[in-house]
Each structure stands twice: as structure tokens, then as C-alpha cells.
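# Coordinate analysis (summary)
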Amino acid sequence: MIENIYPPKLPDWLSSGGDDFEVVIASEACYFRNIADKAFPNRLDEMELKNFRRSLISGVEKPLRGLKLWETDTHRAEDRRFLVERFSAPKELIDYPHGTALFLSEDESKWLSMNVIDHLRFRIAVGGADIETAYRRARSMEEEFEEELPFAYSERYGFLTARPTDCGTGLLLKFLVHIPGVIFTDGFLNLRDKLQKSGTILRPLPDESMSAEGHVFIVHTAHSLGNDEEELLAGAQEVIDEIIEMEYDARAEIMSKARGQIENKILRGIGVITHARMIAKEEGFALSSALRLGAIESIITDIDALSATELYFVNQPVHLARLVGEGDEFIENTNRAELFRSYLQGGD
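First things first, this report covers the structure right here in the doc.

Calculation criteria
- Residues numbered from 1 in each chain as written.
- Predicted model: local features only at pLDDT ≥ 70, side-chain atom pairs only at ≥ 80, totals over all residues.
- Heavy atoms only, no water.
- Helix = DSSP H or I, 4+ residues; strand = E, 2+ residues; numbered from the N terminus.
- Rg over C-alpha atoms; globule rule 2.2 N^0.38 Å.
- Buried < 20%, exposed > 50% of the residue type's maximum accessible area, 1.4 Å probe, protein only.
- Contact = heavy atoms within 4.5 Å.
- Salt bridge = Lys/Arg side-chain N within 4 Å of Asp/Glu carboxyl O.
- Phe/Tyr/Trp six-rings, centres within 6.5 Å; stacked < 30°, edge-to-face > 60°.
- Lys NZ or Arg CZ within 6 Å of the ring centre and 35° of its normal.
- Expected span 1.5 Å × (residues − 1).
- Polar contact = N/O pair within 3.5 Å; in protein donor to acceptor, adjacent residues only side chain to side chain.
- Axes fitted to C-alpha atoms, helices over the stretch in contact; angles between N-to-C directions.
- Parallel < 35°, antiparallel > 145°, perpendicular 65-115°, else oblique.
- Core = buried A, V, L, I, M, F, W, Y, C linked by side-chain atoms within 4.5 Å.
- Patch = residues over 30% accessible without salt bridge, like charges linked within 9 Å, V, L, I, M, F, W, Y side chains within 5 Å.
- Areas by Shrake-Rupley, 256 points an atom, 1.4 Å probe, with all protein chains shown as cover.
- Left-handed = near helix turned anticlockwise from the far one by under 90°.
- Pairing = 2+ DSSP bridges.

## Describing the overall build of the protein
- When you go through the protein residue by residue, the secondary structure sums to 12 helices and 10 strands.
- Whereas a compact globule of 348 residues would reach a radius of gyration of roughly 20 Å, the protein reaches 21 Å, a difference of no more than 12%.
- Dimensions of the protein, computed from the C-alpha atoms along their principal axes, are close to 60 × 45 × 30 Å.
- The buried share of the protein, reckoned over its 348 residues, is 55%.
- In the protein, 72% of the contacts between residues at least 6 apart in sequence involve partners at least 24 apart.

Structure (C-alpha cells):
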């Protein structure tokens, strides 16, 4: 399965962009489910996990159609990190290789994990701001599972999950957003505090440098207990609409009041990529953000927004190693510089 994802660039589901892709890179809907009268994965030993995995796979048919099985304990940690880097697996998969499994669709828009925190976790992703489509597809998958499996459920707490904060609907709605305008206008803390009051979390990605330098963040619902799914969906839609409007307004402000400084920052980035012989990962994320904003605002024509988004992926260590080879920090930074130049030269 891993070998089929090469060259390791944008996942197919993300390669066509989507609604308000200038701000919202992706929308995701994820369900957490556990089997009734079965201990959570953290209470099972390795052999019990493997036996339970086998019984789950043999007991489910319809929801797994079109998905390819990847038994994670037979692959290297690097392979698991590779999938996590491209949002094609839950980040916890890196730390839970034994007795777990991953099912992945050909276009990587759909993944399902077994015995990773919960017995089942499955996610649907779409490009752009389209949480409605992501949710409806995930909802359909959940209904297929319910036809074949008895889920752990409490009249008081809803669907039972390994982490108490996930109880209730067991549904997480999430967005991947690029908000350089909010950052440049010093609006980040205000946005974060505002979202917290509405029950929404704004947080960095697992690789925090992608957020700190690349201005890409995760926005997700905080809890599902006490809300039904339609309420969560409506709330998430309202939140993302507000973020989109705030970011567009911030970009309009900086392009009106500080266009020269923004153009200078972006064109300096072009100069760095053109002439630098080494680029560190953190700088790579900053350059990716600058190029993406420059392409969207028509400041540069050297690269389009999709290709700049792709740079976020290939800038990461495992992706970079798969594209241009492994090496120490010196070699990695040299390879990254060469790769970034190839994107400007149309050689990607």
C-alpha cells in the first residue's frame, strides 16, 4: 500500500482544491466507536489486540468495501509517519503499531483505524470548506457499521469512547486552515479566544513548526456530549464561515495598508528559493505559506496555490526523504532547497 503512494505529493482528494480553498485547505468528519462489552484497546495485551483485530475484520463487510488493509505492526515506523504527515492516518498510529490496523481508500479521502485509542475510528476528508459533504459521507459509513456491529452506548453518555471528551455523538468535525492574514494583523489570540467561547478549538498541527512558521492550523469541535450531530454540524459551519470572513478581511486589510511589505516578504521568499543552497524545515514551511499567499493574491505567477500547498507536504522529513533520498541534517536541508527550486522551475 505504501509503495503505491509515490511520488508522495498531494493526496488525490486534495488535488482539486475546493470551496474557499484559499483559506480552508480541508474539511474532515471523524467518528469514534467501540464494541459493546469489550475492553478498550489500552486494556488489552498485544495478543488480545491481534485476536480482536482479526474478529473485527472478519465480522465487517460492507463498510470496508473499496478499502485496502494495512496491518500496521508489519510496517516500519517511517511508513506510519509518512501516512500521518499526509493526513491519511490518525497521528496516534505512530505510537500504537501492535495489534492495530489501517484501512485506506485509493484516493486517501477515507481511512479507518482499528485498536488505535478506540476500537474503530474512521474519517472522511474533502478539499476546501465542505464539512457538509464530509459529514454526510462519514454518517453513511457509520450507519453501515451499525448494521453489522453492536456499539457501546449509554442512555446517559451516548456512544462510549476511550477518551471521555469524545463521548456523546462520538463525532469530531475538523478543518485545516491557512490564516496568514489573521497572523499578520495580530488577530490570532482574539480568534482563538473567540472560538474557545463557542466550544471550538484552534490548535497547532502535530508538527508545530507547520503552524508557527507556515500559518496552518487545525480548527475542530471541542466536545460532542449534550449535542446532536446536526447541531454540531451547524455550529461547525457557522464557525468556519466566520473564520473565512475574518481571514479574507484581514488579507484585504494588509493588501490595502501594507501591500509593499507583503510583496517584499513574498518576493524575498522567491529569492531565497532561487539562490539558497540549504533550507531548513521551519523555513520551508514559512516559504510555503508565503508562496501560497503570493499565488492567491496574484503577486507571483511562478507557482499556483495547489503547488504551494503541495510544498507543505513534501517539506516534511519523511516525504522529503522519499522524494530525494535520506541523509543527515546537512543533506536534508540541501535536498529541500533543490526540491523547492524545482517547484519554481516547473519541474515538480
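## Considering the pattern of salt bridges
- Tallying each qualifying case throughout the model produces 29 salt bridges.
- The salt bridge involving R86 is made with E108; its shortest N-O contact spans 2.7 Å. Here E108 lies in the loop between β3 (101-105) and β4 (110-116) and R86 lies in the loop between α2 (77-85) and β3, a separation of 22 residues in the sequence.
- A relative accessible area of 1% means that R86 is categorised as buried.
- Note that R163 and E92 form a salt bridge whose closest N and O atoms lie 3.4 Å from each other.

## Quick notes on the packing of aromatic side chains
- Under the defined criterion, the tally for this structure stands at 7 aromatic pairs.
- Summarising the aromatic geometry, the rings of F87 and F313 are spaced 5.8 Å apart at their centres and angled 85° between planes, so their arrangement reads as edge-to-face. With F87 in the loop between α2 and β3 and F313 in helix α10 (residues 305-314), this pair connects stretches of sequence that are 226 residues apart. A single burial state applies to F87 and to F313, both of which are buried.
- Three or more aromatic residues joined by ring pairs form one cluster here, namely Y31, F122 and F145.
- Taking the ring centre of F21 as reference, the NZ or CZ of R292 above it sits at 4.8 Å.
- Over the ring of F82 we find R322, and its NZ or CZ is 4.5 Å from the ring centre.

## Considering α2
- If you check which residues of α2 are buried, you get D79, R80, F82, L83, V84 and E85.
- Where the residues of α2 are buried, they touch β2 (67-70), β3, α10 and α11 (317-324).
- Downstream of α2 by a residue or two, F87 has a phi angle that is positive, lying close to 60°.

## Details of the environment of P63
- Within the secondary structure layout, P63 lies in the loop between α1 (46-59) and β2.
- Along the chain, P63 and M141 lie 78 residues apart, while their C-alpha atoms are 6.0 Å from each other.
- Setting aside residues up to four positions removed in sequence, P63 forms contacts with M141, E144, F145 and E148.

## Looking at helix α7 (residues 229-257)
- A rise of 1.5 Å per residue sets the reference length of α7, with its 29 residues, at 42 Å; its end C-alpha atoms lie 42 Å apart and thus fit the reference within 8%.
- A distance of 3.2 Å separates the backbone nitrogen of E230 from a side-chain oxygen at the start of α7, and that oxygen is part of D228.

## Observations regarding the packing of helix α9 (residues 281-296) against α10
- With their axes 8 Å apart at the nearest point, α9 and α10 run at an angle of 170° to one another. Our classification of the angle between α9 and α10 gives roughly antiparallel. In this structure, α9 contributes F285, S288, S289, L291, R292, A295 and I296 to the contact, and α10 contributes A305, A308, T309, L311 and Y312.

## A closer look at the nonpolar core
- Counting residues in hydrophobic clusters, the biggest one holds 47 residues, and the most contacted among them are L112, F145, L173 and I179.
- With 7 residues, α7 is the single largest residue contributor to this core.
- Once residues within four sequence positions are removed from consideration, I179 is found in contact with V23, F188, L191, H215, F217, I243 and E247.
- Within the second largest apolar cluster, 24 residues are counted, among which are I266, L287, A308 and L339.

## Looking at a nonpolar patch on the surface
- Among the surface-exposed residues, M278, F330 and I331 lie close enough to one another that they form a single nonpolar patch of about 300 Å² accessible area.
- Take F330: it is sitting in helix α12 (residues 329-344).
- Residue class for F330 comes out exposed when judged on its relative accessible area of 55%.

## So, the packing of helix α5 (residues 188-197) against α7
- Between α5 and α7, the least distance of the axes is 12 Å, while the angle of their chain directions is 165°. It follows that α5 is roughly antiparallel to α7 by the angle criterion. The hand of the α5/α7 crossing is right-handed. On α7, the residues that touch L191, K194 and L195 of α5 are V239, E242, I243 and M246.

## Things to note about the sheet that holds strand β10 (residues 216-221)
- The sheet built from 8 strands is open, its strands ordered β2-β3-β4-β5-β1-β8-β10-β9 with antiparallel pairing. Of all strands in the sheet, those with a lone pairing partner are β2 and β9 (200-203), marking the two edges. Strand-to-strand twist in this sheet, taken as the mean axis angle between neighbours without regard to direction, amounts to 20°.
- Across 5 bridges, strand β8 (residues 171-178) lies against β10 in antiparallel orientation. By the bridge assignment, V177 is partnered in β10 with F217.

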